[in-house]
Every structure is written in structure tokens, then in C-alpha cells.
Amino acid sequence: MERASPGRGRLDLAGAAEEVTGTMGGMGRRPLLSTAFEVPGMVRLARLALRYPFPVLCLYGVLTAVAVSGLLRLELRTDGAALYPTGNPVVARSLADRTTFREAEQVLLLVTSREGGPRVASPEGFRFLQELQKDLEKLPGLELRGVRSIVTLIEPPENLENLRIATFFEGWSGDEADFPDVLARIRRFAVARGLFLSDDGRAAAFYLSLDEGVDRREPIAGLQRFVEARRETPFLLRLTGPAVAETVLGDEVLRDLARLIPFTVLVFALLLWIGLRSVGSVLLPLVQVLSTLVWTLGAMGWAGVPVTLVTTILPVVLTALSMTDEVHLLERVRDRLAGPPSPERVRAAAEGAFADLAAPLALSSLINAAGFLSFLTASLPPLRQFGLFASLGILLAMLFTFTLVPALVAALPSRWVERQRPAATGRTGGGAGGFFARHARASALAGALLVAAAVPGLFLLRVQDSWVDNFAPGSPVVAAERTFNRAFWGSYRFDVVLQGEPRFFWTPEGAALLESVHRLAEDAPHVGGVFSILPPLEAAARARGNPLPVSALDPVETAKVGALTEILRIRIDLVHILTLDGGSARVRLFIRNADYVKARELEAWLRERLPSATERAGVRMHWSGDVPVALEVVGSIVGNQLRSLGGSAVLIALMLLLALRRARLAGIVMVPVLATNLLLFAVLGYAGIPLGIASSMFAALALGAGIDFALHYLAAWRREREGGLPHAEAVAATLRTAGRGLRWNATVLSLGFLVLALSSIRPNATLGLLLGAAMLVSYGTTLAFLPELLRRFGGIEEEEEEEEEEESGPHEEVSAGTGAEAATR
């Protein structure tokens with residue numbers, strides 16, 4: 001006689017709970033997932049919360065108040081330094097060079113002509129620049145003499161007879177008659193054209209150095225107000241540069257968090273109502289999610305961990321991942337609820353549901369948490385922090401599932417759990433799941449062929465990233481950046497630092513090395529311009545009546561040229577490019593529209609050619625600055641993500657093996673998510689979409705989240721098989737019972753992650769699209785692969801035979817021995 005399948009609401013629910021968890025004197029049949037993975041402690045927690053809901057809720061209220069106080073301690077950091085990889089030599093040298101060359105953080109102010117208005121390179125424009133220079137120098141938060149522009153640029157002296165150190169503007173009376181001569185002299189100076197006044201005369205740049213130790217947000221906020229107050233001037237003022245971009249990004253992050261989190265909650269509430277049709281089915285998951293967010297972010301606040309660009313996605317990720325357990329749980333409670341809801345029936349159905357799902361719920365949460373913990377191997381602190389607190393949030397969500405949720409189930413009115421309208425059951429085995437089940441072999445084969453076709457796409461993947469990709473293409477900060485790079489040498493810098501003996505760069509050998517590096521740098525790819533101490537040296541040599549190059553002068557004359565250059569320190573702060581002892585120099589390469597690919601090409605070009613020049617001179621060399629650091633940050637994040645993906649896969653496989661005690665079952669569960677990641681990476685490769693900070697993060701996140709589908713499918717299938725159903729009927733029953741939860745889980749997860757696509761921060765939007773796609777593909781690969789894989793490798797019959805042999809073996813030996821003894825007698 002066929003055994004009744006549990007979970008239809010026909011069995012004694014308390015007895016079924018005891019049977020599944022193996023607590024009836026050790027005589028119940030084996031757990032749903034394996035003989036190893038039992039979680040009776042979690043089931044007991046749920047029962048305790050069901051029986052004593054109000055003490056549990058009071059305890060949660062007190063602890064939540066503590067967590068809320070931690071929220072008030074949270075800080076936001078979107079500066080580049082927050083993403084620096086620890087222990088990275090390029091980062092360490094860049095930070096040290098800032099101290100050596102006394103470099104302050106800098107803001108770029110771009111002044112451009114308006115459509116139909118006067119040019120900046122006009123008498124009216126020059127007078128405007130003079131007034132702007134005076135106004136900027138009065139602003140708080142800027143260094144003394146920290147405002148550099150064409151107004152402050154020193155005109156190189158022509159000779160020593162009338163040695164006069166003055167700016168181009170100091171010799172101009174402001175009259176239109178004198179203007180052409182001043183402009184012509186400026187045009188002869190390459191540095192003026194490359195850094196301060198554009199060739200077309202329609203743009204000028206101010207370089208504003210912030211006071212050391214001042215929080216950049218305050219002076220930048222003052223500059224933003226300064227620019228806003230001049231909206232009606234004849235010229236357009238805009239702030240740009242890395243420091244401004246990072247500050248604006250911080251403001252965007254705050255707006256995103258304030259907008260996306262409530263929107264995410266509303267989306268989930270609507271989805272839960274559409275799918276589950278009861279007040280409790282909306283309220284319970286939302287309370288659980290809110291508690292998870294408050295406790296996790298509160299823990300970050302108490303631990304002094306700031307919110308960074310990487311961790312801004314944490315609330316949306318936790319919202320989506322922590323809600324899925326409740327979808328499965330509430331569907332199972334409905335499945336077990338027999339008759340009209342009453343407190344006793346609801347508690348009994350909840351106990352049975354927790355007993356049925358305790359193993360897959362706990363295992364799924366532990367796997368997700370372990371997957372996030374793989375981020376702890378990353379070299380970037382924000383990635384480690386993301387992994388740690390995402391893991392903590394998942395574990396907290398699991399705790400709330402087994403304590404807070406059952407307490408609320410018991411405390412709320414029973415009718416809140418009942419579906420407001422009956423769910424449409426539809427045809428047995430209908431929908432996508434039924435189609436894949438009816439064509440199991442063909443579906444698995446088609447999936448395998450698709451995966452095989454995807455493999456070549458992996459070899460087309462490339463890495464690319466740029467800070468402007470954080471913003472929408474039409475945003476003001478991007479528009480200002482594009483304009484600045486068209487008009488000048490570039491806003492990002494690649495510094496080649498040369499370290500020799502004191503006074504080395506006041507010698508012919510030092511000048512020769514600078515000339516060699518300049519020639520190489522000017523020919524390098526993507527370099528808009530080059531600046532170092534060499535142009536001032538050449539100006540001093542000309543003033544002394546010497547022909548160029550400086551390296552052709554004798555040592556005595558070269559030393560005199562160097563001494564004359566030192567006089568310029570009265571008006572120019574040369575320490576940014578040469579140390580006071582003359583032993584260390586910095587050659588600055590300016591890059592237009594810098595990104596990861598350009599940086600890699602430039603670095604490779606310099607690495608191949610520069611060492612031979614510095615070795616001949618006996619000088620040490622390294623590079624630092626914005627571009628090398630950005631190169632290391634992007635490379636570290638992408639590399640860490642890919643390594644985390646491998647680590648997560650290995651860790652998840654080991655956990656499944658320990659839990660399921662069957663390598664084939666662990667493999668079955670891993671197949672859908674591994675296929676999903678391979679397919680999505682292949683799509684990126686074929687479509688030419690590069691891997692960046694965001695697009696490399698989706699895989700490790702999708703690996704843990706996507707495995708939930710296969711785990712619950714496997715648990716439901718084994719429950720039906722252990723109830724006596726053959727494979728085909730077990731698959732159909734799985735789709736009837738767990739199928740709805742799987743479908744709604746996929747819907748909730750995908751749409752939840754897709755909320756990130758509305759982010760104004762482009763990497764977050766990209767990540768949301770990829771994660772949303774990953775959830776749907778994981779659901780699809782689960783439906784496509786598991787029916788055939790379970791038929792071939794599920795092995796219920798083999799396991800039962802093995803257990804029967806283990807149980808009957810000793811008895812048979814005793815029986816045989818007794819028979820032999822009887823025959824002898």
C-alpha cells in the first residue's frame with residue numbers, strides 16, 4: 001500500500017513534526033536532506049517562540065533599541081582612500097609621496113564661455129578671472145596661496161639684465177589695447193595652454209588646494225555654494241576632479257539609500273500581497289527584514305565600520321535574501337493548514353512547517369553566510385566589511401526566521417495567515433516547471449549544450465572601469481569632466497617619481513634623466529601632457545643665455561641654472577615636483593578621460609621603457625598618483641571578486657557535502673548555480689560588456705542566493721520520494737507543493753535586486769540588473785536540470801538498500817550462526 005505523502009494537511013501535525021526531526025525516541029525516519037544535517041535545535045527554538053510569543057517579542061524590542069542607537073553612529077565614506085587595498089605597494093608609495101612632496105587634496109574649478117557669450121580669453125574674461133581669483137582666496141578651507149590659475153602663473157624671465165619674477169597678469173593694465181600682447185606671451189608657454197587656458201580660449205582652470213586635515217566635505221560644500229551664487233555671471237562655473245566626484249558620489253549614495261530602501265520595501269510588500277494574499281504574509285516578512293537591517297547596520301555603527309561605495313548595496317541585498325525564507329515558510333504553513341484558521345491550527349501548522357523546512361532553511365542560510373565570508377580574503381577593507389556584515393545579516397535573518405517570525409505568528413490574529421482569496425491551483429504539472437518535468441531529458445541536454453556554447457564567451461571577457469561610470473552620462477559632474485579633458489591635458493595624473501642623491505637634479509646627469517623621461521612620456525599612449533621641474537630649469541637656462549638642452553651645460557653652469565630656479569620658490573611652490581634637497585623629482589603625466597584600459601596600456605608602455613633610463617643614471621624609480629592607485633583598486637576589486645567566487649564555490653560544495661553526505665547530491669545542487677554564473681559571464685563576454693567593480697560582484701552574490709532554489713527543490717522531492725511516490729510523481733508533487741514557493745522566491749529575489757537598477761549610481765544599477773537576471777536564470781536552470789539529474793543520481797532506492805543492509809547485516813549473521821549451531825547439535 002502506498003504511503004501517504006506528508007505535507008497534505010492529513011497527518012497529525014505535531015506527530016509529523018516529531019517524526020521529521022527524529023525526536024520520537026529515535027524511531028522516526030531519516031531527515032529530509034541527509035542523515036547528517038539535522039537541526040532539531042532550530043525547530044525547538046521555533047516551538048518555544050510559538051508557545052511564549054510575548055516574552056520573545058519583548059526581548060526583541062529591547063535588543064532592537066540597542067541596535068537603533070548603533071545606527072546613529074554610522075558614517076559615510078565615499079572617498080577613494082576608503083577603497084584602497086591594504087598592503088598594496090603602489091598605494092603605500094602614493095600616500096608616502098603625498099607627504100614627501102607636500103601635496104594637498106585638490107579641487108578643479110572649470111570656467112567656460114557661455115553659448116553666445118564672450119570668450120574667456122578676452123579682456124572681459126581676463127578681468128572676470130582676476131576678480132574670481134580674489135574671491136576664491138578669501139574662502140575658508142583652502143591653503144594659503146592654494147589657488148593657482150592663469151592669473152597666478154609666473155612668466156618665465158627672458159634674461160638676467162632685467163630679472164623680474166612676475167605673473168602674466170601683473171604686466172597687464174586691463175586695457176583692451178594691451179590684451180593681444182599678454183595673450184600672445186601666454187600662448188608661447190606650453191604649461192599655460194595645457195593646464196590653465198585652453199587653446200580655443202573658451203575655458204580656464206583653477207586648481208584649489210584644500211587645507212591639510214580638513215574634512216573635504218566642508219570646503220567643497222562652500223565651493224558649491226560659491227559656484228551656485230554665480231549662476232548668472234557671463235561665464236559658467238563648474239567643479240570637477242576626483243575629490244569633487246567622490247563627494248558628489250557620497251551625496252548620491254545618501255539620496256539612493258533614502259529613496260531605494262523604502263521603494264524596495266513597497267515593492268516587496270506588493271509582491272507578497274499579490275503572491276500570498278494575506279495581511280500576515282506581508283507583515284511577517286517585512287518585520288523580519290526591517291529587524292535584519294536595523295540589527296546589521298546597528299552592528300556596523302557600534303563597530304565603527306563606515307558605509308562605503310561597496311557596502312551601500314548591503315540593505316537591498318539583505319532585504320532580498322532575508323525575505324526568501326518567509327516565502328517558503330508561509331507557503332508551507334498554508335499547505336499544512338487544515339480547516340478554518342484558529343490559534344491552535346495555525347500553531348500546529350507552523351510547527352509542522354518548521355519541521356519540514358528547518359533543514360533547507362538553515363542550510364540555505366548557512367551556505368549564503370559562508371559564501372559572503374569568502375570576501376574576508378579580499379585585500380580591500382570595504383569588501384571584507386561587506387562580506388562580514390552580509391554574513392552577519394544572513395545569520396540574523398535565520399535567527400529571526402526561527403524566533404521572531406513564529407512569535408509573531410502566535411501573537412497575531414489567526415485570520416491574518418489565511419489567504420484572502422483562494423490561490424489558482426491550475427493544472428497539475430503546468431507552467432514552466434511542468435514543461436521541464438515532462439521533457440526532463442531534452443531539457444537537461446539543451447541546458448548542457450547551452451552551457452557548452454557559453455564557454456568560448458569566457459575568453460572574451462575584459463576588465464574596464466572609470467570613475468565617471470559611477471554617474472549617469474548626462475550628469476553635471478560628468479559633463480564638466482568631459483569638457484575639462486577636451487580643453488586641457490587631463491584631470492587624472494600618473495606620477496613617475498625619481499629618487500637620487502641630494503642635488504642630483506641640479507647636475508647635467510639629473511637634467512639628462514628628466515629630458516629622457518619627458519621624451520618617453522610625451523610619446524606614451526593616452527598622455528595629454530607632461531610637467532616636472534624641467535620646464536623651470538629650461539626657463540632659467542634661457543634667462544642665463546644658455547642654449548638647450550640643459551644636460552649639455554657644464555656642471556658649474558647647471559648648478560647656477562638650478563640656483564636661479566630656486567629663486568622661483570619665492571613665488572612658486574616647487575616642492576610639489578622637487579624636494580628641497582634636489583634629490584627627488586616627480587614627473588607628472590596628465591591623462592585625458594582616464595580609465596582602467598588606458599591605465600594598463602600606459603603602465604605597460606612605461607614599464608618596458610623607463611627602467612633602462614633610470615638604471616643608467618643610478619636612480620631609483622616608482623610610480624604613484626591617481627591613475628596607478630585607481631588601477632590597483634579596480635584590479636584588486638575584480639581580482640578579489642573572482643577569487644571570492646572560486647572560494648565561495650569550494651566552500652559551498654564542502655558544506656553541501658557535509659550536510660547531504662552524498663557527493664552526487666551536493667553536485668546536483670551546485671549544477672544550476674554554476675551553470676547560471678557561466679551563462680551570465682558568457683553573455684558579458686559575447687556582448688562586450690566589461691568586468692568592473694560592480695559587474696564582477698554579481699557572481700559571488702548570485703552563487704549563494706541562487707542555490708536556494710535547488711536546495712528547496714531537492715528537499716521537497718526527497719520528502720515526496722520518502723513518502724513512497726515514484727520519481728515522476730514526486731517531481732509533480734514537488735511542483736504542486738514547493739513549486740509555488742520557488743516561483744515566488746524567484747520573483748521576489750529578481751524584482752528585489754532589480755530595484756537597484758533604479759539607482760543613480762551606475763555600478764549599483766548594473767549590479768541590480770545582473771543579480772535580477774541571475775535569480776531568474778538560477779530558477780530556470782533548477783527547473784531544467786534537476787528532474788533529470790534527480791532521476792539519474794538522486795539514489796533514494798540505493799540509499800534505502802544501503803540502510804537496510806546496514807540494519808539487516810548483523811541480524812543475518814546471528815541467524816546464520818544460530819542455524820549452524822543447531823545443525824551441529
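Residues numbered from 1 in each chain as written. Predicted model: local features only at pLDDT ≥ 70, side-chain atom pairs only at ≥ 80, totals over all residues. Heavy atoms only, no water.

**Q** Even after reading the chapter, I still don't get the pattern of salt bridges, so can you show me in this structure?
**A** A side chain with one charge can pair with a side chain of the opposite charge if their charged atoms come near. Summed over all chains, the structure comprises 27 salt bridges. The partner of Asp495 in a salt bridge is Arg586, with the nearest N and O atoms 3.6 Å apart. Placement of the pair is Asp495 in strand β7 (residues 492-499) and Arg586 in strand β9 (residues 584-591), with a sequence separation of 91 residues. What makes Asp495 buried here is its relative accessible area of 1%. Of the charged contacts in the structure, one is a salt bridge between Glu788 and Arg792, with a shortest N-O distance of 2.7 Å. With Glu788 and Arg792 both in helix α26 (residues 762-793) and four residues apart, this pair spans about one turn of that helix. Glu788 sits in the buried class, given a relative accessible area of 5%. What emerges from the salt-bridge pattern is a single network uniting Glu103, Arg493, Asp495, Arg586, Arg588 and Asp626. (Salt bridge = Lys/Arg side-chain N within 4 Å of Asp/Glu carboxyl O. Helix = DSSP H or I, 4+ residues; strand = E, 2+ residues; numbered from the N terminus. Buried < 20%, exposed > 50% of the residue type's maximum accessible area, 1.4 Å probe, protein only.)

**Q** Please clarify how the packing of aromatic side chains should be interpreted in this entry.
**A** Remark: the centre distance and the inter-plane angle together describe each pair of aromatic rings, the angle taken between the planes. According to the stated counting rule, one finds 22 aromatic pairs in the structure shown. Taken together, a centroid distance of 5.0 Å and an interplanar angle of 75° make the contact between Phe126 and Phe179 edge-to-face. Taken together, the positions of Phe126 in helix α5 (residues 123-137) and Phe179 in helix α6 (residues 179-187) put the pair 53 residues apart, joining distant regions of the chain. Judged by relative accessible area, which is 0%, Phe126 ranks as buried. The buried category is assigned to Phe179, whose relative accessible area is 8%. For the pair Phe504 and Phe505, a centre-to-centre distance of 5.0 Å together with 85° between the ring planes defines the contact as edge-to-face. Through successive ring pairs, a cluster of aromatic residues spans Phe126, Phe169, Trp172 and Phe179. (Phe/Tyr/Trp six-rings, centres within 6.5 Å; stacked < 30°, edge-to-face > 60°.)

**Q** What should I look at first to understand the environment of Gly646 in this one?
**A** Within the element layout of this structure, Gly646 appears in helix α22 (residues 626-660). Expressed as a C-alpha distance, the spacing of Gly646 and Gly371, which sit 275 residues apart in the sequence, is 10.0 Å.

**Q** I would appreciate a short explanation of unusual backbone geometry in the present structure.
**A** For residues besides glycine, phi is generally negative; the peptide bonds are generally trans as well. Looking along the chain, the bond that leaves Leu548 and enters Pro549 is cis, with omega of 10°. Within the element layout of this structure, Pro549 appears in the loop between α19 (534-543) and α20 (555-567). Phi is positive for Arg145, which is not a glycine, with a value near 55°. You can see Arg145 is positioned in strand β2 (residues 142-148). Judged by its relative accessible area of 58%, Arg145 is exposed. One non-glycine residue, Arg661, lies in the positive phi region at around 60°. Following the sequence through the fold, Arg661 ends up in the loop between α22 and α23 (663-687).

**Q** Quick question: what am I supposed to make of the packing of helix α2 (residues 40-51) against helix α12 (residues 343-373) here?
**A** How two helices pack is summed up by the angle between their axes together with the distance between the axes. Running from N to C, α2 and α12 cross one another at 165°; their axes reach a closest spacing of 9 Å. It follows that α2 is roughly antiparallel to α12 by the angle criterion. The two elements α2 and α12 meet at a crossing, and its hand is right-handed. Contacts from Val43, Ala46, Arg47, Leu50 and Arg51 of α2 reach α12 at Arg347, Ala350, Glu351, Phe354, Ala355 and Ala358. Grouping the constituent residues of the contact of α2 with α12 by class yields seven nonpolar, no polar and four charged. (Axes fitted to C-alpha atoms, helices over the stretch in contact; angles between N-to-C directions. Parallel < 35°, antiparallel > 145°, perpendicular 65-115°, else oblique. Left-handed = near helix turned anticlockwise from the far one by under 90°. Contact = heavy atoms within 4.5 Å. Nonpolar A, V, L, I, M, F, W, Y, C, P; charged D, E, K, R; others polar.)

**Q** How should I be thinking about the sheet that holds strand β5 (residues 203-210) in this particular structure?
**A** To summarise the sheet geometry, strands pair through backbone hydrogen bonds and adopt either a parallel or an antiparallel arrangement. Taking strand neighbours across the sheet as the criterion, the four strands line up as β2-β5-β1-β6 in an open arrangement whose pairing is antiparallel. This sheet does not close on itself; its edge strands, each paired only once, are β2 and β6 (235-240). Each adjacent strand pair in this sheet contributes to an overall mean axis angle of 20°, direction not counted. The sheet contact formed by β2 and β5 spans three bridges and is antiparallel. Each bridged residue has a counterpart across the sheet, and for Leu142 the counterpart in β5 is Leu210. Strands β1 (106-113), β2, β5 and β6 of the sheet are contacted by α5, whose axis makes an angle of about 10° with β5. (Pairing = 2+ DSSP bridges.)

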